[in-house]
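# A look at the structure
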Amino acid sequence: MTKRRTFISGCLVAGSLPSTVFAAAGNDYADDFNMQQYLKELDELISIDSKSGYIEGANRIADILEKRFKSIGWTVTTKDCEGRGKALVATNTPNQNHYDVVLAIHSDTVQPVGNAAKYPLTIKDNIAHGAGVADDKSSLNAVWWICKKIPPEALRKLNIAVVLNPGEESGSPASRSFMDEQAKKTDIALVYEPGRPGNGFVRSRKGSMFLTINFHGRPAHAGNNPEQGRNAIEAMAKAIPEIKAIASEYKDVTLNADVVKGGTTANTIAEDATIVFDFRFFNDQTRDAVLDKIEALCKRGFAPDVTSELKYVAKSSALAHTDKSQKVIDLVNKAASELGQPDPKWMDVGGASDGNRFSGGGAAVACAMGVIGGDLHHPEKEWSDMSSVKPRIALGRKVLELIAQQK
Ligand SMILES: [Zn+2]
């Protein structure tokens with residue numbers, strides 16, 4: 001109680017940084033929590049550079065987790081994801097082909113190599129700063145604490161897996177297929193991305209894809225024989241408003257033309273042009289409908305004798321708010337209420353996370369279950385609210401218990 005009060009007043013001193021004021025209740029589910037030990041572990045994680053693709057860093061974090069989870073008797077398997085380093089799965093029982101619940105975390109950050117030394121862990125008034133502190137290292141460490149003392153009923157009844165992705169910020173084909181494999185085996189995914197200020201959680205995230213359209217016309221001299229040319233840039237210019245208009249037919253769909261390239265010289269009718277649209281959507285049915293319409297327009301063409309070809313790497317999924325995910329959300333709300341914590345605020349957001357992959361694989365997802373943080377990806381400002389660590393650990397354990405009670 002006394003400790004909690006100290007934390008709260010500390011956060012108020014921090015002033016501009018939003019902080020959640022948690023009641024003292026609910027500590028029963030995290031009575032083993034030791035802030036000093038937690039910070040020591042967090043410091044170790046933050047001191048490791050782990051930008052996506054910096055394999056050495058990803059492997060060091062996977063090694064640390066492997067050692068930790070083996071020390072509590074969990075089964076650990078790792079998989080080398082080419083270009084991203086080691087992914088890890090830790091399970092409470094051996095040989096799991098199916099997970100009742102996944103706690104999802106990621107080891108990679110967006111911080112360039114060298115930022116770990118430049119922006120070490122510092123704590124002032126209970127707010128932690130440091131490279132990658134909020135996204136995702138403090139939550140990664142909180143998941144470790146959750147697993148150290150899972151309520152007995154949950155540990156007995158549930159197949160629980162901790163899934164560590166080394167390529168969440170910027171995936172590789174190998175890390176994406178690793179995550180898709182995990183998603184297919186998962187009923188419920190609790191995604192430990194940072195919690196949002198104001199006790200925020202995330203119930204849906206837009207899916208996003210980059211759509212490239214290549215236009216191909218016919219070159220000609222702009223002065224000598226312009227009538228023989230077929231201008232790819234002009235076809236592209238016609239395509240932009242037509243394609244953007246598709247977005248307005250659907251709620252919460254965005255199609256933004258963000259990159260264009262084309263032409264050779266100012267006196268040559270442009271043979272080629274390329275445009276890249278950023279495409280975002282809240283459910284996969286809408287995604288498919290929009291893609292079909294763009295595909296049909298490209299087939300029809302935008303100017304005579306100029307071909308247009310739509311390309312994308314692979315379809316990505318939205319993290320959809322579904323009846324199934326609402327049941328998980330209800331359990332999180334119930335857990336918070338039983339712990340005497342403030343009501344969770346559920347948000348619909350634009351940016352993707354591993355929750356999108358789990359949702360795409362058919363799992364029910366609750367996201368932003370982790371330690372509350374903000375100013376993500378800003379090396380100096382990124383912050384993580386240490387007063388929310390213990391409440392979120394307690395909440396995670398309580399949610400697992402409620403899931404087990406329903407089984
Ligand atoms: Zn993240």
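Residues numbered from 1 in each chain as written. Predicted model: local features only at pLDDT ≥ 70, side-chain atom pairs only at ≥ 80, totals over all residues. Heavy atoms only, no water.

Per an unreviewed UniProt entry, the recorded name for the protein is M20/M25/M40 family metallo-hydrolase, and the organism is Parasutterella muris.

## Observations concerning the packing of helix α5 (residues 133–148) against helix α12 (residues 389–406)
Any two packed helices are characterised by the angle at which their axes cross and by the distance between the axes. Short version of the rule: The axes used here are C-alpha line fits, helices contributing only the stretch in contact, and every angle between their N-to-C directions lies in the interval 0 to 180 degrees. A run of H or I in DSSP becomes a helix once it reaches four residues, and a run of E becomes a strand once it reaches two; helices and strands are each numbered from the N terminus. Oblique is the label for every angle not falling under 35 degrees (roughly parallel), over 145 degrees (roughly antiparallel), or within 65 to 115 degrees (roughly perpendicular). Take the far helix as your reference; a near helix turned counterclockwise from it by less than a right angle gives a left-handed crossing, and one turned clockwise gives a right-handed crossing. Any two residues having at least one pair of non-hydrogen atoms within 4.5 Å are treated as being in contact.
Packing of α5 against α12 leaves a shortest axis separation of 9 Å and a crossing angle of 50°. By the criterion of interaxial angle, the relationship of α5 to α12 is oblique. Of the two elements, α5 crosses α12, and the hand of that crossing is right-handed. Here α5 contributes A142, W145 and I146 to the contact with α12, which in turn contributes R392, I393, G396, R397 and L400.

## What about the UniProt feature "active site" (unreviewed entry) in the protein?
What counts is decided by this rule: UniProt positions are given in the numbering used here, feature names are shortened, and annotations may be inferred rather than shown by experiment. In this analysis, the protein atoms alone were mapped onto a 1 Å grid. Cavities are point sets where a 1.4 Å probe fits without being able to get out; pockets are open sets with protein on both sides within 12 Å along at least five of seven lines; lining residues have an atom within 4 Å of a point.
When the UniProt feature table is mapped to this numbering, "active site" (unreviewed entry) covers D108 and E168. Spanning 61 residues, the named residues form one tight spatial group whose C-alpha atoms are at most 6.6 Å apart. The annotated residues contributing to the lining of the largest pocket are E168. For D108, the contacting residues outside a window of four places in its chain are S50, K51, S52, D135, N165, P166, G167, E168, E169 and S170. With sequence-adjacent residues up to four places away left out, E168 is seen in contact with H106, D108, E193, A352, S353 and D354.

## Topic: the nonpolar core
Stated precisely, the cut-off is as follows: We define the nonpolar core as a collection of buried residues of types Ala, Val, Leu, Ile, Met, Phe, Trp, Tyr and Cys that are connected through side-chain atoms lying within 4.5 Å of one another. Each residue gets one of three labels from its accessible area relative to the maximum for its type: buried under 20%, exposed over 50%, partly exposed in between, using a 1.4 Å probe on protein chains only.
One finds Y38, F69, L103, V162 and L190 to be the most contacted residues of the largest nonpolar core, which totals 63 residues. Setting aside residues up to four positions removed in sequence, L190 forms contacts with V101, V102, L103, A104, V328, A366, M369, V399 and L400. Core analysis: the second largest hydrophobic core is formed by 28 residues, I246, I275, F279 and C298 among them.

## A few points about the layout of surface pockets
What counts is decided by this rule: Grid points are joined across faces, edges and corners, and a volume is the space filled by probe spheres set on the points. Any residue outside Ala, Val, Leu, Ile, Met, Phe, Trp, Tyr, Cys, Pro, Asp, Glu, Lys and Arg is labelled polar, Gly included; the first ten of those are nonpolar and the last four are charged. The start and end points of each domain follow an automatic or database-based domain assignment.
The computed volume of the largest pocket comes to approximately 1100 Å³. In this structure, the largest pocket is lined by 38 residues; those nearest its centre are E168, S208, S316, A352 and R357. Counting residues per element, the ones that place at least two in the lining of the largest pocket are α7 (173–184), β9 (207–216) and α11 (354–360). With six residues, α7 is the largest single contributor of residues to the lining of the largest pocket. A per-class count over the lining of the largest pocket returns nine nonpolar, 15 polar and 14 charged. Residue-level mapping places the lining of the largest pocket at the junction of two domains, with at least three residues from each of domain 1 (2–205 + 318–406) and domain 2 (207–311). In this model, the second largest pocket occupies a volume close to 270 Å³. Every residue lining the second largest pocket is counted, 13 residues in all, and those nearest its centre are D100, D187, I188, I403 and Q406. At four residues, helix α10 (residues 323–338) tops the list of elements feeding residues into the lining of the second largest pocket. Across the lining of the second largest pocket, the residue classes break down as six nonpolar, two polar and five charged.

## Brief notes about the sheet that holds strand β5 (residues 127–129)
We count it as follows: In this analysis, strands are considered paired if DSSP registers two or more bridges between them.
As summarised here, the arrangement of the four strands in space is β4-β5-β16-β15, forming an open sheet in which the pairing is antiparallel. Across the chains shown, the open sheet's two edge strands, defined by having one partner strand only, are β4 (122–124) and β15 (373–374). As judged from the two bridges shared by β15 and strand β16 (residues 383–385), these two strands associate in the antiparallel manner. Residue G374 lies in a different strand from β16, and its bridge partner there is W383. Packed onto the sheet, α5 meets β5, β15 and β16 and runs at close to 35° relative to β16.

## Thoughts on the side chain of S359
Positionally, S359 belongs in helix α11. Every residue in contact with S359, bar those within four places of it in the chain, is listed here: A318, L319, A320 and V365.

## Observations concerning the packing of aromatic side chains
The criterion, for reference: The rule is short: rings of Phe, Tyr and Trp, with Trp giving its six-membered ring, pair when the centres are within 6.5 Å, and they are stacked under 30 degrees, edge-to-face over 60, tilted in between.
For the structure shown, the criterion picks out seven aromatic pairs. Between the aromatic rings of F33 and Y38, the centroid separation amounts to 5.7 Å while the plane-to-plane angle is 55°, which identifies the pairing as tilted. For F33, a relative accessible area of 12% puts it in the buried group. Pairing F33 with W145 gives two aromatic rings, centres 5.2 Å apart and planes at 70°, and the pair type is edge-to-face. With F33 in the loop between α1 (2–13) and α2 (35–46) and W145 in helix α5, this pair connects stretches of sequence that are 112 residues apart. The pair F33 / W145 is uniform in exposure class, with both members buried. Counting every residue linked through ring pairs, the aromatic cluster contains F33, Y38 and W145.

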